[in-house]
Structure formats: C-alpha cells, structure tokens
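Structure assessment
One letter stands for each residue in the lines below.
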Amino acid sequence: MLGHLDGVRGDVIYDLGQAEKDTNAWNQRMNYHAIGAPLTAIPIVGDALQRTVDAGTAGYMNELNARVDEETRKNMVNHFENGENQMNAMMRKMATEKGLTTEELDASPGEYEDGLQTTAENWYQQGIEDAQKKMGQP
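Residues numbered from 1 in each chain as written. Predicted model: local features only at pLDDT ≥ 70, side-chain atom pairs only at ≥ 80, totals over all residues. Heavy atoms only, no water.

So, on to a nonpolar patch on the surface. Together, Val8, Val12, Leu16 and Met135 give the surface a local cluster of nonpolar side chains, amounting to about 330 Å² of exposed area. You can see Met135 is positioned in the segment after α4 (111–134). Since its relative accessible area comes to 30%, Met135 is described here as partly exposed. (Patch = residues over 30% accessible without salt bridge, like charges linked within 9 Å, V, L, I, M, F, W, Y side chains within 5 Å. Areas by Shrake-Rupley, 256 points an atom, 1.4 Å probe, with all protein chains shown as cover. Salt bridge = Lys/Arg side-chain N within 4 Å of Asp/Glu carboxyl O. Helix = DSSP H or I, 4+ residues; strand = E, 2+ residues; numbered from the N terminus. Buried < 20%, exposed > 50% of the residue type's maximum accessible area, 1.4 Å probe, protein only.)

Written out as structure tokens, the structure reads:
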C-alpha cells in the first residue's frame, strides 16, 4: 500500500516539475513576442534582432528547465528514499512488538533481514510500479 501511495505522490512531484516547465515555455514565448515583435519592424536589422531575441529567450528557458529537471530528480530521489526508510521503520517497529530482538532484526543471514525486509521492499517497489502503470507512465 505504501508503495502505491508513494507512486502516486511521485507522479505529483513529476507533474509539478512539468507544470513549472510549461510556465517557463509560456514566459519564453511572451518575452519573445513582447521584446522581439517591435524589433522586427526595424528596417534591415529587425529580422536579425528578432532571431537574436528568440535564441536568447530559448536559451534562458532551457537553462531554467535544466534547473527544474535537476530539482525534480532530487525531489523524487528524496521522496522514494524517505518512503523506503518509513517502510523499514514500520517493519522494525512491528517486528519488535511481535517479540524479535535487535540482534534477530540485524542478523544476516536472518529471517527478518533476508526474508521479511526483502519481501516488504519488493512489495513497496511493485506498488510504485503498479501505481505508475495505472497512471500511464512507462
């Protein structure tokens, strides 16, 4: 279940980054028209100036989008690492409440470390993958 929820939240984090990139694209087009349109009317050099504005605003947008992509990747990594840590903490708490000692939890090879925890991590990953498929992500 936690994997499904984290998968959905991961999709939201991704969508927020995409929305920010859409805003960057919109601002680039508006700046291109607001700055470049008056320049086009200048005889002889207007078209060249318009192209310079286009290149400048596109370059700036690409720079902003690269920062958004970097921040989105960082947010996704942090989100899923936190989810795995939360799942592990819940598993350890439940195991100690059921009577396992710290030594039994940390024993490797051991039933908890090599069995229960590994199975829970697999379920977590499967939940994320299932949520992503259901939301149309590859």
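A rise of 1.5 Å per residue sets the reference length of α4, with its 24 residues, at 34 Å; its end C-alpha atoms lie 33 Å apart and thus fit the reference within 8%. The axis of α4 is deflected most strongly, by about 25 degrees, at Gln117. Within α4, burial applies to Tyr112, Gly115, Gln117, Ala120, Tyr124, Gly127, Ile128, Ala131 and Gln132. Against the buried residues of α4 lie α1 (2–40), α2 (46–97) and α3 (102–106). Backbone geometry just after α4 places Gly136 at a positive phi near 85 degrees. (Expected span 1.5 Å × (residues − 1). Bend = angle between axes of the 7 residues up to and from the residue. Contact = heavy atoms within 4.5 Å.)

Looking now at the environment of Glu20. Following the sequence through the fold, Glu20 ends up in helix α1. Glu20 sits 13 residues away from Gly7 along the chain, and the two C-alpha atoms are 20 Å apart.

The next point concerns the nonpolar core. The biggest cluster of nonpolar side chains holds eight residues, and these are Leu2, Ile13, Met76, Phe80, Met87, Ala120, Tyr124 and Ile128. Within the residue set of this core, elements represented by two or more residues are α1, α2 and α4. Once residues within four sequence positions are removed from consideration, Met87 is found in contact with Leu2, Ala120, Glu121 and Tyr124. (Core = buried A, V, L, I, M, F, W, Y, C linked by side-chain atoms within 4.5 Å.)

Below, the discussion takes up the side chain of Asp6. Mapped onto the fold, Asp6 is located in helix α1. The buried charged residue Asp6 lacks any salt bridge partner; its closest oppositely charged side chain belongs to Arg9, at an N-O distance of 6.4 Å. Looking at Asp6, its side chain comes within polar contact range of the side chain of Tyr124, at 2.5 Å. (Lys, Arg positive; Asp, Glu negative; His and termini not counted. Polar contact = N/O pair within 3.5 Å; in protein donor to acceptor, adjacent residues only side chain to side chain.)

So, about the pattern of salt bridges. In total, this model carries seven salt bridges according to the counting rule given. Between Glu63 and Arg67 there is a salt bridge, with its nearest N and O atoms 2.9 Å apart. Of the two residues, Glu63 and Arg67 are both situated in helix α2; the distance of four residues between them amounts to about one turn of the helix. Arg67 sits in the partly exposed class, given a relative accessible area of 48%. Here Glu97 ties to Lys93 by a salt bridge, and the two come within 2.5 Å at their closest N and O atoms. Of this pair, Glu97 and Lys93 both sit in helix α2, four residues apart, which is roughly one turn of that helix. Across this residue pair, the class does not change: Glu97 and Lys93 are exposed.

The values reported here are purely geometric and, on their own, carry no functional implication.
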